[in-house]
Amino acid sequence: MFYLGCHLSSSDGFYAMGETALSIGANTFQFFTRNPRGGSAKAFDSKDAERLEQFLDKHSFGPILAHAPYTMNPCALDSGLREFAETMMKDDLFRMNHFENSMYNFHPGSHVKQGVSVAIDFIASMLNRVLSPSQNTLVLLETMSGKGTEVGSRFEELQSIIEKVECSEKLGVCLDTCHVYDAGYDIVNHLDDVLDEFDKIIGLSKLKAIHLNDSKNPFESHKDRHETIANGSIGLEGILRIINHPKLKSLPFFLETPNELPGYASEIKMLRERYEG
Ligand code: FE
Ligand code: FE
Ligand code: ZN
């Protein structure tokens, strides 16, 4: 099954996202759990969540992906900000636990002046307080572009977090194609080598989702600016090799390209036509 969707606005609730996804040819989607630049979330509507759950089942959707707010920094210098991150993640996971087949993606954070190894310890210790063996939702570390002091632009950093987490069966990785290319992994000319490296360092069994984006900037630019499919430095051929790669093709793919709904609909249509089932 080719699970393909895009980022959707959650402002009209859960069920509305399912209907929107279906209307643009998607069979999964991503959404923010709360205002991406803020902290507070709307009251949880369990009836709405239940309606979506039935809808996803009926239409054979793939796992849905929630994205944590950008303001979450589990390795912030300020302990108040770290506590804020932990409180948000606990609350988000409590909400997401209503969905049987769900994942929750977050940016590992920015270490701001503290160095990577201190940051990795903060991130892992938060995960050790937050993850539980009984939760439904798989938590994903996103691969980052290495902008500023971002943690997670090297596979080794992600692995250092994973190996410090006890409940690591609830922890995986979401690979963002724009981010890894910006970070210096050449998925355009050496996709097999990059996947081998991922496998050697983290293990491909940990790879649970792909953020499918082109990049506005050249290879290794550490910029993180997404481009629409086929119009960036990765290019159409590069993107098609990713969705059709035998080691990737059964993963769920999520577009985070700069688009409104009609743009997403046409990218989804084009990618479905070029997917070699
Ligand atoms: Fe992200
Ligand atoms: Fe992403
Ligand atoms: Zn990005």
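Structure first, text after, so check above.
Predicted model, so just to flag it, every value in this text is computed and none were measured.

Remarks on the pattern of salt bridges
Inspection of every chain in the model, using the stated rule, returns ten salt bridges. Two residues, Arg 34 and Asp 92, come together in a salt bridge whose shortest N-O distance is 2.7 Å. Separated by 58 residues along the polypeptide, Arg 34 in the loop between strand E2 (28-32) and helix H2 (46-58) and Asp 92 in helix H3 (residues 79-96) bring together distant segments of the chain. Two residues, Glu 273 and Lys 269, come together in a salt bridge whose shortest N-O distance is 3.0 Å.

Concerning the coordination of the zinc ion (ligand 3)
Around the zinc ion (ligand 3), the protein contributes the donor atoms His 179 (NE2), Asp 224 (OD) and His 226 (NE2), at 2.0 to 2.3 Å from the metal centre. Spacing between the donor residues of the zinc ion (ligand 3) along the chain follows H-x44-D-x1-H. The distance between the zinc ion (ligand 3) and the iron ion (ligand 1) comes to 5.2 Å. A residue pair is termed long-range when its members are at least 10 positions apart, and His 179 in helix H6 (residues 177-183) and His 226 in strand E9 (residues 226-227) qualify at 47 residues. When sorted by exposure, His 179 lands in the same class as His 226, which is buried.

Comments concerning the sheet that holds strand E7 (residues 207-212)
Taken in spatial order, the eight strands close into a barrel running E1-E2-E3-E4-E5-E6-E7-E10, and their pairing is parallel. In this sheet, adjacent strand axes meet at a mean angle of 30 degrees when their direction is disregarded. Across three bridges, E7 lies against strand E10 (residues 253-255) in parallel orientation. The residue of E10 that forms the bridge with His 211 is Phe 254. Along the sheet face, H3 touches E2, strand E3 (64-67), strand E4 (102-106) and strand E5 (138-142) and points at about 160 degrees away from the line of E4.

Conventions adopted
- Residues numbered from 1 in each chain as written.
- Chains lettered and ligands numbered in written order.
- Predicted model: local features only at pLDDT ≥ 70, side-chain atom pairs only at ≥ 80, totals over all residues.
- Heavy atoms only, no water.
- Salt bridge = Lys/Arg side-chain N within 4 Å of Asp/Glu carboxyl O.
- Helix = DSSP H or I, 4+ residues; strand = E, 2+ residues; numbered from the N terminus.
- Donors = N, O, S within 2.8 Å, 3.2 Å for Na, K, Ca; no water.
- Buried < 20%, exposed > 50% of the residue type's maximum accessible area, 1.4 Å probe, protein only.
- Pairing = 2+ DSSP bridges.
- Axes fitted to C-alpha atoms, helices over the stretch in contact; angles between N-to-C directions.
- Contact = heavy atoms within 4.5 Å.

What is shown is where atoms sit, not what they do.
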